[in-house]
Structures are given as structure tokens and as C-alpha cells.
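# Architecture and fold: a report
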Amino acid sequence: MNMHVSGLADPAVLEHDAVIFNHEAKSLLRFIACGSVDHGKSSLLGRLLFEAKLVLDDQIETLRKDTGQLTGAAEDLDFSLLFDGLAAEREQKITIDLAYRFFATEKRKFIVADAPGHEQYTRNMATGASTADLALILVNAQSGLTQQTRRHALIAATLGVRHLVVAVNKMDLVEFSQDAFAAIERDFRSFADRLGDVSLTFIPVSARKGDNVVNTSANMSWHRGPTLLDKLETVDVSPRAANQAFRMAVQWVSRPTADFRGYCGMIAGGEVRPGMDIIVQPSGQRTTIDQIITAGGALERASVGQSVTLTLTNDVDVSRGDLLAQADTPAQVSDRLNARIFWMGQGTLAPGGRYHIKLGTATAAAHIGGPMHLIDLA
């Protein structure tokens with residue numbers, strides 16, 4: 001029997017492995033598209049996918065069948081249907097539920113949540129914003145800022161979204177007017193004083209025509225900023241907490257055997273390493289990290305966003321809900337706090353009311369002490 005053994009790998013296999021490696025190495029941006037109903041969120045996202053050449057031929061054919069446009073330019077199809085999947089959404093031409101979509105370009109991977117704009121579905125929008133790095137807020141160039149636009153921006157900022165990209169859509173309906181765009185930017189910046197520490201970017205776009213979505217618009221040569229895709233591909237997604245002190249809320253105490261005790265959770269701030277002194281809060285007990293264990297083996301260092309199991313050098317009392325913190329920079333422990341609350345309950349939120357408050361993996365009884373201040377979104 002003749003055998004041939006080659007020391008060279010198949011070029012096709014090498015190329016495939018390189019593609020996979022490059023894809024996995026790309027950074028990931030989670031963003032949410034929000035704003036008032038009928039301002040064009042689903043249409044803009046669909047146009048973004050189309051202009052970036054991320055819509056497959058069979059999807060184009062399906063869109064043609066769904067809209068009855070069997071002929072004509074693909075650019076004129078209703079790309080909102082790529083996100084509005086529910087029958088009720090297509091019938092009413094509005095988004096009701098969150099629609100998540102994964103896509104990738106040469107520079108970055110994305111997970112986008114298309115949020116409903118109607119006030120009735122604000123809870124769904126808040127759910128999508130809770131995990132987003134960036135909020136894409138659409139404003140109709142004809143109607144300007146609405147109360148729901150302000151509400152969505154405030155929810156996103158309160159939930160920790162660092163980057164707000166205000167896309168002034170339907171610029172074709174105001175003849176691509178720079179003055180109309182500038183007026184909306186002024187209004188939004190005036191309102192943004194109450195949003196806290198967020199970065200703002202304003203982009204004039206036309207989802208219907210594709211202006212400034214992927215390619216620079218010839219109709220708005222006065223705009224010197226980035227296109228929408230440029231901004232999404234280049235925005236900084238490194239978490240703020242990466243440069244803060246180590247924090248990890250204990251999610252679960254792992255006891256697979258009698259001689260092993262590990263504390264599981266996701267690192268919420270900073271980094272941890274074996275030999276680091278930590279403090280267990282709120283009890284105040286001090287100890288030292290022994291090992292950092294993951295599914296892939298032990299680590300010499302772990303940072304914010306990683307889920308790990310930590311073992312300690314000595315036995316201390318640690319339970320679910322406790323916080324493991326860097327010993328020299330512990331978290332503040334208090335029985336009082338100031339909070340901005342979006343109230344969506346059926347009853348009335350008022351001083352004296354008793355509730356449960358959840359922080360990390362801990363839950364405690366709480367009551368509203370007052371005074372309370374209502375944020376006016378008008």
C-alpha cells in the first residue's frame with residue numbers, strides 16, 4: 001500500500017482558518033435603533049444592510065414577492081420588511097416587538113435591536129437599550145423632536161448607553177436643507193444637557209434614497225461628518241468599567257466536590273489576578289484570590305465582561321448577592337441612594353411606597369423616601 005504524507009497544510013484549509021480567525025478577532029458593537037413611531041427606523045436599518053451589500057439575492061427575491069414589486073430597481077424595495085417580521089407589524093407599518101439582527105462588515109461585527117417607537121411599547125425599547133453600547137436615535141426631518149424621541153434618549157442615557165447617534169432622517173422631504181438639519185441639532189443639544197455624560201453625533205440621512213447611510217451624499221455636500229456606517233464601524237466600544245477598580249457580583253457558589261468552593265460571576269469592573277487582595281461586601285471580610293478558573297482553563301488575569309469562577313486562599317463567608325471588590329478601593333456601602341427611575345407600573349410611584357430593589361445579584365427591601373422630582377419631557 002502506497003502512502004503519501006505531506007507536511008504542508010491544504011491552502012484552502014489555511015485560507016478558511018484565516019477567515020474564521022479574522023472574523024472572531026473583530027470587535028462587536030451592540031446598538032439599538034430608537035425614536036418616534038414612523039420616523040423610519042426599520043427602513044434605515046434595512047437600507048444600511050442593502051447599501052453595505054449584506055442583503056442576499058434570495059432575500060431580495062422574497063422582498064419582491066412580499067411587496068408585489070416583481071420588477072424595477074432593487075433600491076426601491078421596502079427594506080423595512082427585513083426587520084418588521086410580525087404580521088401585525090407589516091399590516092400596520094409599525095414596529096411592535098424588538099427585532100434583533102446580526103451582521104458583519106470588513107471592520108466590525110454588529111448586533112442591532114430595532115426598537116418599537118410607539119409609546120405603548122416603550123418597555124420593549126428599554127429592554128433593548130439595557131445591553132446596548134450605542135443608541136441610534138432617528139428624528140424625522142419634517143416633524144423634528146417629539147416627546148417620544150426625548151423619552152428614548154433619556155432611557156438610553158440612564159441605562160448607561162455612552163454614544164448617541166442622532167440620524168435626522170427623511171432629509172429628501174425637506175430638500176436636503178442644511179437649515180432644517182441644524183435646527184434639529186440645536187434642539188437636541190439643548191435637551192441633551194439633562195442626559196449626563198454621553199457623546200453626541202448628528203448625521204443627516206435619507207433611508208429612502210440611501211444618502212449618508214453607507215456612501216457620502218452628493219445631495220448634502222455641506223455635511224462634513226461621517227456616514228452612518230463610518231460612525232458605527234469606528235466608535236469606541238471599550239467599556240468604561242475596564243479602567244475602574246475590580247468588581248464582581250457573586251452569581252453562584254460552586255461546590256462540585258466537598259473540597260472545592262468557587263465563586264462564579266461576570267466581572268463588572270476592572271481586572272482580577274491571582275494574589276490580589278479583595279474585600280467581600282457588605283460584610284467587610286478580607287481575603288486573597290487563589291485561582292481564576294474558566295471553561296478553557298485557569299487564567300493569570302481576567303477583565304471586565306468575562307465570566308469566571310474565583311477561588312480564595314482561605315474560607316470566608318461568601319454568598320450569592322455579595323460583591324467581591326478590590327481591597328484598596330472598595331465599593332461604598334450605604335442604605336440610601338439617589339436614583340432616576342422610569343416608572344412603568346400600573347400604580348403610582350410615591351414617597352412612602354415599599355418595593356424591592358435589585359443591584360447586581362442582590363435583592364433588598366426598599367422604600368421611597370423622597371423628595372421626588374418629575375422630569376418634564378415636553
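Keep in mind the model is a prediction, meaning the values are calculated, not measured.

Applying the stated rule across the entire model yields 5 salt bridges. Across the pair arginine 162 and aspartate 236 runs a salt bridge whose closest N-O atoms are separated by 4.0 Å. With arginine 162 in the loop between helix 6 (147–158) and strand 5 (163–169) and aspartate 236 in the loop between helix 8 (228–234) and strand 7 (247–249), this residue pair connects regions lying 74 residues apart in the sequence. Of the residues examined, aspartate 236 reaches a relative accessible area of 41% and is grouped as partly exposed. For the salt bridge of arginine 189 with glutamate 185, the shortest nitrogen-to-oxygen distance reads 3.0 Å. Note that arginine 189 and glutamate 185 are positioned in helix 7 (residues 178–191) at a spacing of 4 residues, about one turn of the helix. On the accessibility criterion, arginine 189 (40% relative accessible area) is partly exposed. Since its relative accessible area comes to 21%, glutamate 185 is described here as partly exposed.

Here the focus is the confidence of the model for the chain. Mean pLDDT for the chain: 86, with 87% of residues reaching 70 or above. The model gives residues 86–96 a pLDDT under 50, and that stretch makes 25 contacts with residues more than four places away or in other chains.

Spatially, the 6 strands line up as an open sheet ordered 2-3-1-4-5-6, and their pairing is mixed. Edge strands, defined here as strands with exactly one partner in the open sheet, are strand 2 (99–104) and strand 6 (199–204). Looking at each pair of strands side by side, their axes are set apart by 20° on average, direction ignored. Sheet topology places strand 1 (residues 28–35) next to strand 3 (residues 109–114); 6 bridges connect them, and they run parallel. Bridge pairing in strand 3 places alanine 33 opposite aspartate 114. Sitting on the sheet, helix 7 touches strand 4 (134–140), strand 5 and strand 6, and the angle it makes with strand 6 is about 160°.

Okay, the pairing of strand 1 next. Here strand 1 lies mainly inside the structure; 6 of its 8 residues are buried. Of the strand pairs in this sheet, strand 1 and strand 4 are connected by 5 bridges, and their pairing is parallel. Bridge pairing in strand 4 places isoleucine 32 opposite alanine 135.

Residue glutamine 281 is joined to proline 282 through a cis peptide bond whose omega torsion reads 15°. If you trace the backbone, proline 282 turns up in the loop between strand 11 (277–281) and strand 12 (285–294). The phi dihedral of phenylalanine 176 falls on the positive side, at around 55°, and the residue is not glycine. Relative to the helices and strands, phenylalanine 176 is located in the loop between strand 5 and helix 7. By relative accessible area, which is 17% here, phenylalanine 176 ends up buried.

Our next topic: helix 5 (residues 122–129). Looking only at helix 5, the buried set comprises Thr122, Met125, Ala126, Gly128 and Ala129. With its buried residues spanning 160° around the axis, helix 5 presents them on a single face. Where helix 5 is buried, its residues touch strand 1, strand 2 and helix 6.

This paragraph deals with the side chain of aspartate 211. Here aspartate 211 is to be found in the loop between strand 6 and helix 8. Nearest to the buried, unbridged aspartate 211 among oppositely charged side chains is lysine 209, at 7.3 Å. Residues in contact with aspartate 211, not counting those within four places in the same chain, are Phe176, Pro204, Val205, Ser206, Ser217, Asn219 and Met220.

Cut-offs and rules
- Residues numbered from 1 in each chain as written.
- Predicted model: local features only at pLDDT ≥ 70, side-chain atom pairs only at ≥ 80, totals over all residues.
- Heavy atoms only, no water.
- Salt bridge = Lys/Arg side-chain N within 4 Å of Asp/Glu carboxyl O.
- Helix = DSSP H or I, 4+ residues; strand = E, 2+ residues; numbered from the N terminus.
- Buried < 20%, exposed > 50% of the residue type's maximum accessible area, 1.4 Å probe, protein only.
- pLDDT = per-residue confidence, 0-100.
- Contact = heavy atoms within 4.5 Å.
- Pairing = 2+ DSSP bridges.
- Axes fitted to C-alpha atoms, helices over the stretch in contact; angles between N-to-C directions.
- Arc of directions from axis to C-beta.
- Lys, Arg positive; Asp, Glu negative; His and termini not counted.

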